[in-house]
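Commentary on secondary and tertiary structure
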Amino acid sequence: MGLPVSLILIAVGAILAFAVHQDPNPSVDVDVVGWVLMLVGLVGLLLSLFWWERFGPGAWGWHRGAGPGDPYARRGYPRRRTVVEEEEPPGPPPGPPPP
């Protein structure tokens, strides 16, 4: 379960617990279902954040060896090489032909 699913569970649980009103003699208590969904969403959210810190991008050392300003260092992509080819400047213009 990821962060979006946890947030959706919390939102649906809050709607069921606080906004939905039911008949006085229900077979399933919607308030309890809402509280259970919010609890499951909160546990999933905390576990997702915990596992993201341990096993998220950069946890396996993919960014080692990258320079301090490398934008790919935090994402885990290999560092790209930059190839610069310089052309020689043109020489002086040819002079007048000899007599």
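Scroll up to find the structure this text is about.
As the structure is a prediction and not an experimental result, all values here were calculated from the model.

**As for the overall build of the chain**
- Assigned secondary structure in the chain consists of 2 helices and 0 strands.
- With 99 residues in all, the chain has 17% of them scored as buried.
- Restricting to contacts in the chain with at least 6 residues of sequence separation, those with at least 24 account for 47%.
- When the accessible surface of the chain is totalled, it reaches about 8,800 Å², and 64% of it is carbon and sulfur.

**Some points on the packing of aromatic side chains**
- Under the definition given, this model contains 1 aromatic pair.
- Aromatic pair Phe18 and Trp35: ring centres 5.4 Å apart, planes at 85°, arrangement edge-to-face. One end of the pair, Phe18, is in helix H1 (residues 3–19); the other, Trp35, is in helix H2 (residues 30–55), with 17 residues separating them in the sequence. Take Phe18 and Trp35: they sit in the same class, and that class is exposed.

**Details of the side chain of Ser48**
- Residue placement: Ser48 occurs in helix H2.
- A relative accessible area of 14% places Ser48 in the buried class.
- Side-chain polar atoms of Ser48 contact the backbone oxygen of Gly44, separated by 2.8 Å.

**Here we look at the environment of Ile8**
- Counting through the fold element by element, Ile8 comes out in helix H1.
- Separated by 30 residues in sequence, Ile8 and Met38 have C-alpha atoms that sit 9.2 Å apart.

**Looking at H1**
- Over its 17 residues, H1 runs 23 Å from end to end, which matches the ideal 24 Å to within 8%, given 1.5 Å per residue.
- Among all positions of H1, only Ser6, Gly13 and Ala17 are buried. End-on, the buried residues of H1 take up no more than an arc of 35°, which puts them together on one face. Exposed residues lying more than 90 degrees from the buried face of H1 are Pro4, Ile8 and Ala19.

Thresholds applied
Residues numbered from 1 in each chain as written. Predicted model: local features only at pLDDT ≥ 70, side-chain atom pairs only at ≥ 80, totals over all residues. Heavy atoms only, no water. Helix = DSSP H or I, 4+ residues; strand = E, 2+ residues; numbered from the N terminus. Buried < 20%, exposed > 50% of the residue type's maximum accessible area, 1.4 Å probe, protein only. Contact = heavy atoms within 4.5 Å. Areas by Shrake-Rupley, 256 points an atom, 1.4 Å probe, with all protein chains shown as cover. Phe/Tyr/Trp six-rings, centres within 6.5 Å; stacked < 30°, edge-to-face > 60°. Polar contact = N/O pair within 3.5 Å; in protein donor to acceptor, adjacent residues only side chain to side chain. Expected span 1.5 Å × (residues − 1). Arc of directions from axis to C-beta.

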